[in-house]
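Secondary and tertiary structure notes
So the chains spell out like this:
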Amino acid sequence: MNMPAKGRPIFLKTARFALRSLKPSDGSERWANWLRDPEVMGPLNAPVRAWTSQELRAHIASADNEQRYLIGVFDNATQIQIGFFMVDVDPFHRRANFNVVIGEKAWWGKGVVNEARAALLDEFFDNRGIEKATGAPLSRNFPAVFNYKAQGWRHEGTLRGHCTSASGGARLDQYQFGLTKEEWAAARGRQK
Amino acid sequence: MINGCEQAKGLLAEAAHCEVASIPDDVRIGQFAPWDSLAHLRLVLGIEQRIGRTLDADEAIRIESLKDIAALLG
């Protein structure tokens, strides 16, 4: 399978990570293991999946780098993939919805999400016509909530009982976070 | 007697694995390196353990400072 040709792939570098649009050949056993791990998938309320590498590659191939991006996070030092972002774009509303999985637990609590997401926000706001970013963590995904707040996103609302738990069927609350292009520019100015 | 902010500082220090004395009185989420995403997880669970119940979504989202933590500790 080849890289979907629809949109421009992403290639970015941060101090510690390389971020790039994934290719079907990136569908590794390591990634498949993340999908099978309740500790990784639970906070996202995503069902644990026993995907084969082939199924994973087909999933990656569905990202077109225009309305859906799958962007790998690679450790600069080892070149090993430690996680990925899935970004869904609504071109009419110029909105991008961010989801992230850091599958390698050794990297949890080390600021990966906000370092990588800062580069992606720059890219989507500056070069891809996006004017608002959104994210919607479960209310009890406390590390994700921390990351949004620490990065300057605004809590725009709480969706009560919005989701069914993937493990047990209970109703779960979800937060809605948002960040406009102007707010991000202001936050970047403060960080400099 | 320990006041609410001192209790909050103690709980945050435990969660962030740092010294109480290193925590500024005006500490805010995202502005103190030891208060990272995993420390935040430990902090919320620590508050819940201390008060003996689960925080609801409206309470958990308000945790941004020592004052917020102290308010939840009651």
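Further remarks concern the overall build of chain B. For chain B, the count of helices and strands is four helices and zero strands. Taken from N to C terminus, the helices and strands of chain B fall in the order α-α-α-α. Taken against the 2.2 N^0.38 rule, which gives 11 Å for 74 residues, the C-alpha radius of gyration of chain B at 11 Å falls within 12% of a compact globule. For the C-alpha atoms alone, the extent of chain B along its principal axes is close to 30 × 30 × 20 Å. Going through the 74 residues of chain B one by one, you find that 45% of them count as buried. For chain B, contacts bridging at least 24 residues in sequence account for 48% of all contacts bridging at least 6. Charged side chains in chain B number 7 positive and 12 negative. The centres of these two groups are separated by 2 Å.

Membership of the largest hydrophobic core comes to 63 residues, with the highest contact counts inside it found for Phe98(A), Phe124(A) and Trp35(B). The dominant element in this core, judged by the number of residues it contributes, is helix H4 (residues 112-127) of chain A, at nine residues. Beyond its immediate chain neighbours, meaning those up to four positions away, Phe98(A) contacts Phe85(A), Met86(A), Val87(A), Arg117(A), Leu120(A), Leu121(A), Phe124(A), Ala133(A), Thr134(A), Gly135(A), Tyr148(A) and Trp153(A). Of all hydrophobic cores here, the second largest spans 17 residues; its members include Trp34(A), Ala46(A), Leu56(A) and Val101(A).

So, on to the sheet that holds strand E4 (residues 81-90) of chain A. Residues and elements named next belong to chain A. Pairing within the open sheet is mixed, and its eight strands lie in the order E1-E2-E3-E4-E5-E6-E8-E7. The open sheet is flanked by strand E1 (11-13) and strand E7 (154-164), the only strands paired with a single partner. On average, each strand axis in the sheet is tilted by 25 degrees relative to the strand beside it, whichever way the strands run. The sheet contact formed by strand E6 (residues 132-135) and strand E8 (residues 171-180) spans four bridges and is antiparallel. Residue pairing across strands places Lys132 opposite Thr180, the latter belonging to E8. Relative to the sheet, helix H5 (residues 142-150) contacts strand E5 (95-102), E6 and E8, its axis offset from that of E8 by approximately 20 degrees. Each of E7 and E8 is contacted by helix H6 (residues 181-191), which is oriented at about 75 degrees to E8, the strand it contacts most.

With 97% of its residues at a pLDDT of at least 70, chain B reaches an overall mean of 94. The ipTM assigned to the predicted complex is 0.94, against a pTM of 0.93.

The end-to-end C-alpha distance of helix H2 (residues 37-51) of chain B is 21 Å, a good match for the 21 Å that 15 residues give at a rise of 1.5 Å each. Looking only at H2(B), the buried set comprises Ser37(B), Ala39(B), His40(B), Leu43(B), Val44(B), Gly46(B), Ile47(B) and Glu48(B). Buried-residue contacts for H2(B) involve H5 of chain A together with helix H1 (4-16) and helix H4 (66-73) of chain B. The N-terminus of H2(B) is capped by Asp36(B), whose side-chain oxygen sits 3.1 Å from the backbone nitrogen of Leu38(B). Once H2(B) finishes, Gly52(B) follows within two positions and takes phi at roughly 75 degrees, a positive value.

Each value, and the rule that gives it
Residues numbered from 1 in each chain as written. Chains lettered and ligands numbered in written order. Predicted model: local features only at pLDDT ≥ 70, side-chain atom pairs only at ≥ 80, totals over all residues. Heavy atoms only, no water. Helix = DSSP H or I, 4+ residues; strand = E, 2+ residues; numbered from the N terminus. Rg over C-alpha atoms; globule rule 2.2 N^0.38 Å. Buried < 20%, exposed > 50% of the residue type's maximum accessible area, 1.4 Å probe, protein only. Contact = heavy atoms within 4.5 Å. Lys, Arg positive; Asp, Glu negative; His and termini not counted. Charge placed at Lys NZ, Arg CZ, Asp CG, Glu CD. Core = buried A, V, L, I, M, F, W, Y, C linked by side-chain atoms within 4.5 Å. Pairing = 2+ DSSP bridges. Axes fitted to C-alpha atoms, helices over the stretch in contact; angles between N-to-C directions. pLDDT = per-residue confidence, 0-100. Expected span 1.5 Å × (residues − 1). Polar contact = N/O pair within 3.5 Å; in protein donor to acceptor, adjacent residues only side chain to side chain.

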